[in-house]
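# Geometric and topological summary
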Amino acid sequence: MPRSGVHAGSCRPGGLSSRDAPRGLFSSGRARWAGGGAGMEGGFGSEFGAAGGGAGGKLDPGLIMEQVKVQIAVANAQELLQRMTDKCFRKCIGKPGGSLDNSEQKCIAMCMDRYMDAWNTVSRAYNSRLQRERANM
Amino acid sequence: MAELGGLDGARGPDPGVSELQRLVAAEQQRAQFTAQVHNFMEVCWDKCVDKPGSKLDSRTEGCLASCVDRFIDTTLSITNRFAQVVQKGGH
């Protein structure tokens, strides 16, 4: 929770410019995340070692940043799935039976799509607010 | 770890490091934004979405957008008032 409710980022006060802001991670209700399928095994050290240019070499920001972005994307996807599962379970499953019946499965599918739509809406609203605050500063 | 310290042996600061710091800071800001959206969803989904339908109707979309703004307003309100309370000698 930000201290003042508005992000004062280290790069730019008041949040993201329209160039940087994620317009919505998902389009048309289908999940599409930047870089998926990468495992999160290993700590930071082993993965960045090669990008560090080996013994005595200069750092390669490009390679490291690619890995950073992938890891962030994977973590975001995990977070999203966890929260989506929680919300959709609560909305769609009444008294848990012996299996998920057809209506429950349909509800879950719709719920997933709506959750991602809602996520995009909230993301856009937040970004607009940050830009408004930034314009007022 | 001399590279991470920004020093390239005896030759001075590695330009790759400050560039990296800048890029990482930008990604961090983006990640903070995303984390905040997750937090808003926690609250606003329950408030605004009743039964998930085949699409989000305009009322729900409006509710979600308002929810974000009102939540931020609430945070600011509480922060400001709390600062006053603390200033006056606390509870």
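For the structure, check the block above.
First things first, this report covers the structure right here in the doc. (Residues numbered from 1 in each chain as written. Chains lettered and ligands numbered in written order. Predicted model: local features only at pLDDT ≥ 70, side-chain atom pairs only at ≥ 80, totals over all residues. Heavy atoms only, no water.)

Core analysis: the biggest nonpolar cluster contains 28 residues, and A:Tyr115, A:Val122, A:Tyr126, B:Met41, B:Trp45, B:Leu64 and B:Val68 have the highest contact counts within it. Those elements that provide at least two residues to this core are helix H2 (61–92) and helix H3 (102–136) of chain A together with helix H1 (15–48) and helix H2 (58–87) of chain B. With 10 residues, the top contributor of residues to this core is H3(A). In this structure B:Leu64 touches A:Ala118, A:Thr121, A:Val122, B:Cys44, B:Trp45, B:Cys48 and B:Leu56, once residues within four positions along its chain are discounted. (Core = buried A, V, L, I, M, F, W, Y, C linked by side-chain atoms within 4.5 Å. Buried < 20%, exposed > 50% of the residue type's maximum accessible area, 1.4 Å probe, protein only. Helix = DSSP H or I, 4+ residues; strand = E, 2+ residues; numbered from the N terminus. Contact = heavy atoms within 4.5 Å.)

Right, let's talk about the state of the cysteines for a bit. Under the counting rule described, the total for this entry stands at four disulfides over all chains. Paired by a disulfide, A:Cys92 and A:Cys107 hold their sulfur atoms 2.0 Å apart. Handedness here is read from the sign of the S-S torsion; for A:Cys92 and A:Cys107, about -70 degrees, the answer is left-handed. Within this pair, whereas A:Cys92 is found in helix H2, its partner A:Cys107 is found in helix H3, the two being separated by 15 residues in sequence. A sulfur-sulfur distance of 1.9 Å marks the disulfide that ties B:Cys48 to B:Cys63. (Disulfide = S-S within 2.5 Å.)

Residues and elements named next belong to chain B. At a minimum axis distance of 9 Å, the contact between H1 and H2 shows a crossing angle of 135 degrees. On the basis of their axis angle, the class for H1 and H2 is oblique. Of the two elements, H1 crosses H2, and the hand of that crossing is right-handed. On H2, the residues that touch Phe40, Val43, Cys44, Trp45, Lys47 and Cys48 of H1 are Thr60, Cys63, Leu64, Cys67, Val68, Phe71 and Ile72. (Axes fitted to C-alpha atoms, helices over the stretch in contact; angles between N-to-C directions. Parallel < 35°, antiparallel > 145°, perpendicular 65-115°, else oblique. Left-handed = near helix turned anticlockwise from the far one by under 90°.)

The subject of this paragraph is the pattern of salt bridges. Under the criterion given, the structure shown has 13 salt bridges over all chains. Here A:Lys87 and B:Glu42 are joined by a salt bridge, their closest N and O atoms 3.3 Å apart. Of this pair, A:Lys87 sits in helix H2 while B:Glu42 sits in helix H1, each in a different chain. Here A:Lys87 falls in the buried class, since its relative accessible area comes to 5%. By relative accessible area, which is 30% here, B:Glu42 ends up partly exposed. We note a salt bridge from B:Asp69 to A:Arg129, for which the minimum N-O separation is 2.8 Å. One end of the pair, B:Asp69, is in helix H2; the other, A:Arg129, is in helix H3, on a second chain. For the pair B:Asp69 and A:Arg129, one class covers both residues: buried. Connected via shared salt-bridge partners are A:Arg129, A:Arg132, A:Glu133, B:Asp69, B:Arg70 and B:Asp73. (Salt bridge = Lys/Arg side-chain N within 4 Å of Asp/Glu carboxyl O.)

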